[in-house]
Amino acid sequence: MASLVLYPDDERLPRAAGITLNFYLVTALVLFLAMMALGLGMRSSQAGWLGLPPDWFYRFLSLHGAGMVGTASLVTTAIMWFFLRKYVQLHLWAFVANYVLFIIGLWCIVLSVMAGSYAGLWTILYPLPVHSQGMWSREAGAIFMLGYLGIGMGQLLFYLDAAAGIIARYGNFSRALGLQWLFGGEIDQAHPKAVVASTGVLIANTLGLLAGTVALVMSLANAVYPSIELDPLLIKNLIYWFGHMYPNATIYMGCIAVYELLPRYTGKPFVMGRPFLWAWLATVLYVVLVFPHHLLMDFAQPRWLSVMGQLASWVGGFPVFVVTAYGALVNIHRSGIRWNMPARLLVLSMFGWMAGIVPAILDGTIAVNMVMHNTQWVPGHFHFYMLLGVLSMALAFMFHLVGQRHGQVPPDSGGDRGSLPVYLLGGLVFLFGFLGGGRTSVPRRMAQHIDAWTLTDRIGSIGAMLVVLAMLYFVVRLVIGLLRPVAQAAGDGDGLADAAR
Amino acid sequence: MILQDMIGSIALAGVSLVGLIFLVVISQAGKPADEAARTRAARAAGRLQGWVFAVLLLGFVGGSWATLRNLPIPVQDVELGADHVVEVVGGMWYWMISPDSVPAGSLVEFRVTSVDVNHGFALYGPEGRILAQTQAMPKYTNRLLVDLDTPGTYTVQCLEYCGIGHAPMKASFQVTAAGGN
């Protein structure tokens, strides 16, 4: 079971590990802010307030998509590493290698977009990356994809190390997932939720990463030897297997922070029950099967795949609504929680995830997808659980760490208290700008908008400005806080949850 | 009611309900319960969890049946029995649509493909909302069935990003009233 001690001794990092973690977190904060600024620029351009030329709009869109998804993965990998290392042996070299490969991949992507004019978007949908009608070169497309390969290889290395650690400690994945308790037996309450979640996510995301790697290698072969023609539908399936799994894995990795930290702020244990174990098993299975919901408008697909995509999309709501978010709500209820920044952000993250699933499940319905696919409804729902869900998890984790470096007291300054409502309000306005655009059939990923579409663009832009403003505060506050040395507590590790409550 | 408006209302209601649940729980969060109350609350939470699961399961079964029994994706390899067949070819950055008009009240089959990259064939009605769509893919033909009852000028807009000419990649499609107007 997760510790109720606010800052337990086993979370004090050796110097090299602490520096590496700071590299992850500071890089993520800077990238999040930069990508948000690009997003604000694009929304403002759609609103008619900024005249971005179309080629720059699509270059920024490519950078924004790849950058945001990659950064979300970077920061949630740090969350998974930070907590999993307490239960299994992880090697620092794997964590460092993931970071180095991420940075190499990031520079490939930046080089491809800024120097090579690549604008084929983060989804690299074959054959667009190498068939641009002169907008960018075949080489630029190939460098962009090589960047992905670097980032994916780093992630796979990290997962392999985590898998080795989990198997060494628990014998196999089944026992790590707690499957021995599915139908009976007394569940070991000391079995960490972080291990269950980490095992689930590494199984599912490794499969997605492998699918993406196959698609990338085939696409690169086509880029070098154009005579090697690929099946566009097969590549599309592989890309969306990866493209769905990779961002979704960030939610599951980020969620580990909720399992570990929320009980410390509420003072109530997050009880491990059979529903939790069933939920994680269901998640591992459904998340592998759900990707065809990205291809519902590809009628050449076998119809059973589309039906499976819809059913898996709907099933995906169960683990969240019935177990994770529900469990968090039960944990909060009448707990006497002392509200501070980490606690507020943890609760916000559960709301963002749970609420964002509503429009997502609707979009996963074939009849709805027929009129909503590739409209702004789609960024509306994924920004919901990425912005208010995943980013809130990451911010909660970082604010918690800042407390560790500042007298072991969780942050709760006036600036913190003032910036969070700006972030939430701005986020909701921004999100409903997208969802409203989807309702009125405004296409996504489009540089030029007709006048009839600009109302929701303007609403969304105002929301985005507020989000960027709040994020600017968070970034400055967190970077300064994270770069401080870790404080020694008065009782050297006796920072019990009560101290924070 | 237009489908998009209905979906928008359902989403707004769902998000609001989630928000309301959080507000209720948050309003209680600062009032710690004693041990006896915690035990009672834990039992009640367990029962409620069962009910939440049952309600969602019912919604899953009923919703799946309601939305999948008339699958909007036509079977692709049989005769669809449409009144008119319209051939659609997408390319960077144009649409070739033949014929480009049909009489109102027709069941129309669009056979959609692409000569280069992925495009999205979206049919916007005269009032500016999407009526139906399918992907235009190289090497594949997607067959889409649409009832076109309302006369007017429809717009075919590319909905899958396909390069710098993506936004202007649109075309008109006429649905004519009886008498040809």
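Draft legend 1. The domain arrangement of chain B, seen in detail. The domains assigned to chain B are domain 1 (3-68) and domain 2 (84-176). Computed from C-alpha atoms alone, the centre-to-centre distance between domain 1 of chain B and domain 2 of chain B is 41 Å.

Draft legend 2. A look at the side chain of A:Ser198. Among the structural elements, A:Ser198 can be located in helix H6 (residues 193-224). Excluding anything up to four places from it in sequence, A:Ser198 contacts A:Met80, A:Leu84, A:Ile166 and A:Ile256.

Draft legend 3. Broad picture of the pattern of salt bridges. Residue and element names in this part refer to chain A. Counted according to the given criterion, the structure contains 17 salt bridges over all chains. Where Glu260 meets Arg264, a salt bridge forms, and the shortest distance between an N and an O atom there is 3.4 Å. One end of the pair is Glu260 and the other is Arg264, both in helix H7 (residues 232-266) and four residues apart, which spans about a single turn. Classification of Glu260 as buried rests on a relative accessible area of 1%. Of the residues examined, Arg264 reaches a relative accessible area of 0% and is grouped as buried.

Draft legend 4. Examining the confidence of the model for chain A more closely. With 97% of its residues at a pLDDT of at least 70, chain A reaches an overall mean of 93. Long-range and interchain partners of residues 490-501 of chain A, a stretch whose pLDDT sits below 50, account for 27 contacts in this model, where long-range means more than four residues apart.

Draft legend 5. Focus on the sheet that holds strand E6 (residues 130-136) of chain B. Residues and elements named next belong to chain B. An order of E3-E9-E8-E5-E6 is seen for the five strands of this open sheet, with the pairing classed as mixed. Across the chains shown, the open sheet's two edge strands, defined by having one partner strand only, are strand E3 (101-103) and E6. Adjacent strand axes in the sheet meet at a mean angle of 20 degrees, parallel and antiparallel pairs treated alike. Pairing of strand E5 (residues 119-124) with strand E8 (residues 152-158) involves four bridges; the strand directions are antiparallel.

Draft legend 6. Main features of the interface of chain B and chain A. At the interface, 75 residues of chain B touch 84 residues of chain A. For the pair chain B and chain A, the two sides together bury roughly 6,900 Å², of which 72% comes from carbon and sulfur. In this structure, the connection of chain B to chain A is made through three salt bridges. Residue A:Arg445 is joined to B:Glu160 by a salt bridge in which the shortest nitrogen-to-oxygen separation is 3.9 Å. Along the contact surface separating chain B from chain A lie 32 residue pairs in polar contact (both at pLDDT 80 or more). Considering every element that reaches the side of chain B that touches chain A, the biggest residue donor is helix H1 (residues 3-29) of chain B, with 18 residues. A per-class count over the side of chain B that touches chain A returns 45 nonpolar, 21 polar and nine charged.

Draft legend 7. The arrangement of a nonpolar patch on the surface in detail. Together, A:Trp49, A:Leu50, A:Ile462 and A:Met465 make up a nonpolar patch on the protein surface, roughly 370 Å² of accessible area in all. Examined against the element boundaries, A:Leu50 turns out to sit in the loop between helix H1 (15-46) and helix H2 (54-84).

Draft legend 8. Representation of the environment of A:Ala28 within the structure. All names here are of chain A. Mapped onto the elements, Ala28 comes out in helix H1. The exposure class of Ala28 is buried, given its relative accessible area of 0%. Separated by 42 residues in sequence, Ala28 and Gly70 place their C-alpha atoms 9.2 Å apart. Among residues more than four places away in sequence, those in contact with Ala28 are Thr71, Leu74 and Val75.

Draft legend 9. Seen up close, the state of the cysteines. Tallied over the entire structure, the rule returns zero disulfides over all chains. Here B:Cys158 is not disulfide-linked; the sulfur of B:Cys162 is the nearest cysteine sulfur, at 3.8 Å.

Draft legend 10. Seen up close, the environment of A:Met42. Residues and elements named next belong to chain A. Within the secondary structure layout, Met42 lies in helix H1. Residue classification places Met42 among the buried residues on the basis of a relative accessible area of 5%. Each C-alpha atom, one on Met42 and one on Leu31, is 17 Å from the other, the two residues being eleven residues apart in sequence. If we skip the residues at most four places from it in the chain, Met42 touches Leu52, Phe57, Phe60, Leu61 and His64.

Draft legend 11. Geometry of the sheet that holds strand E2 (residues 94-98) of chain B. Residue and element names in this part refer to chain B. Strand order in the open sheet formed by four strands is E2-E1-E4-E7, and the pairing between neighbours is mixed. Of all the strands in the sheet, the pair left with one neighbour each is E2 and strand E7 (142-148). Strand-to-strand twist of the sheet, defined as the mean angle between neighbouring strand axes without regard to direction, takes the value 25 degrees. As defined by bridge partners, strand E4 (residues 106-114) adjoins E7 across seven bridges and the pair is classed as antiparallel.

Draft legend 12. Quick look at the packing of H1(A) against helix H15 (residues 454-482) of chain A. All names here are of chain A. With their axes 9 Å apart at the nearest point, H1 and H15 run at an angle of 160 degrees to one another. Here H15 runs roughly antiparallel to H1, going by the angle between their axes. Considering how the two elements wind past one another, H1 and H15 form a crossing that is left-handed. Residues belonging to the contact of H1 with H15 are distributed by class as follows: 17 nonpolar, seven polar and two charged.

Draft legend 13. Region of the structure containing helix H9 (residues 303-315) of chain A. Between its first and last C-alpha atoms H9(A) spans 18 Å; for 13 residues at 1.5 Å apiece the expected length is 18 Å, and the two agree. Here H9(A) has its buried residues at A:Leu305, A:Ser306, A:Gly309, A:Gln310, A:Ala312, A:Ser313 and A:Trp314. For H9(A), the secondary structure elements touched by its buried residues are helix H8 (274-289), helix H10 (317-332), helix H11 (341-363) and helix H12 (366-372) of chain A together with helix H2 (35-68) of chain B.

Draft legend 14. Geometry of the nonpolar core. The biggest cluster of nonpolar side chains holds 229 residues, and the ones touching the most others in it are A:Tyr423 and B:Phe110. Residue contributions to this core reach at least three from each of two domains, namely domain 1 (3-68) and domain 2 (84-176) of chain B. With near-sequence residues (within four places) excluded, B:Phe110 lies in contact with B:Val86, B:Val88, B:Phe121, B:Leu123, B:Asn142, B:Arg143, B:Leu144, B:Val146, B:Leu148 and B:Phe173. With six residues, the next largest nonpolar core counts A:Leu125, A:Tyr240, A:Phe291 and B:Met137 among its residues.

Draft legend 15. Here's a closer look at unusual backbone geometry. A:Pro127 follows A:Tyr126 through a cis peptide bond whose omega is 0 degrees. A cis amide bond links B:Met92 to the next residue, B:Trp93, at an omega of -5 degrees. Locating B:Trp93 in the fold gives a position in the loop between strand E1 (84-91) and E2. Phi at A:Ile124 is positive, roughly 40 degrees, even though this residue is not glycine. Within the secondary structure layout, A:Ile124 lies in the loop between helix H3 (92-115) and helix H4 (138-170). The exposure class assigned to A:Ile124 is buried, which follows from its relative accessible area of 5%. Even without glycine at this site, B:Lys139 takes up a positive phi of about 75 degrees.

Criteria and cut-off values
- Residues numbered from 1 in each chain as written.
- Chains lettered and ligands numbered in written order.
- Predicted model: local features only at pLDDT ≥ 70, side-chain atom pairs only at ≥ 80, totals over all residues.
- Heavy atoms only, no water.
- Domains from an automatic or database assignment.
- Helix = DSSP H or I, 4+ residues; strand = E, 2+ residues; numbered from the N terminus.
- Contact = heavy atoms within 4.5 Å.
- Salt bridge = Lys/Arg side-chain N within 4 Å of Asp/Glu carboxyl O.
- Buried < 20%, exposed > 50% of the residue type's maximum accessible area, 1.4 Å probe, protein only.
- pLDDT = per-residue confidence, 0-100.
- Pairing = 2+ DSSP bridges.
- Axes fitted to C-alpha atoms, helices over the stretch in contact; angles between N-to-C directions.
- Buried area = accessible area lost by both parts, 1.4 Å probe.
- Polar contact = N/O pair within 3.5 Å; in protein donor to acceptor, adjacent residues only side chain to side chain.
- Nonpolar A, V, L, I, M, F, W, Y, C, P; charged D, E, K, R; others polar.
- Patch = residues over 30% accessible without salt bridge, like charges linked within 9 Å, V, L, I, M, F, W, Y side chains within 5 Å.
- Areas by Shrake-Rupley, 256 points an atom, 1.4 Å probe, with all protein chains shown as cover.
- Disulfide = S-S within 2.5 Å.
- Parallel < 35°, antiparallel > 145°, perpendicular 65-115°, else oblique.
- Left-handed = near helix turned anticlockwise from the far one by under 90°.
- Expected span 1.5 Å × (residues − 1).
- Core = buried A, V, L, I, M, F, W, Y, C linked by side-chain atoms within 4.5 Å.

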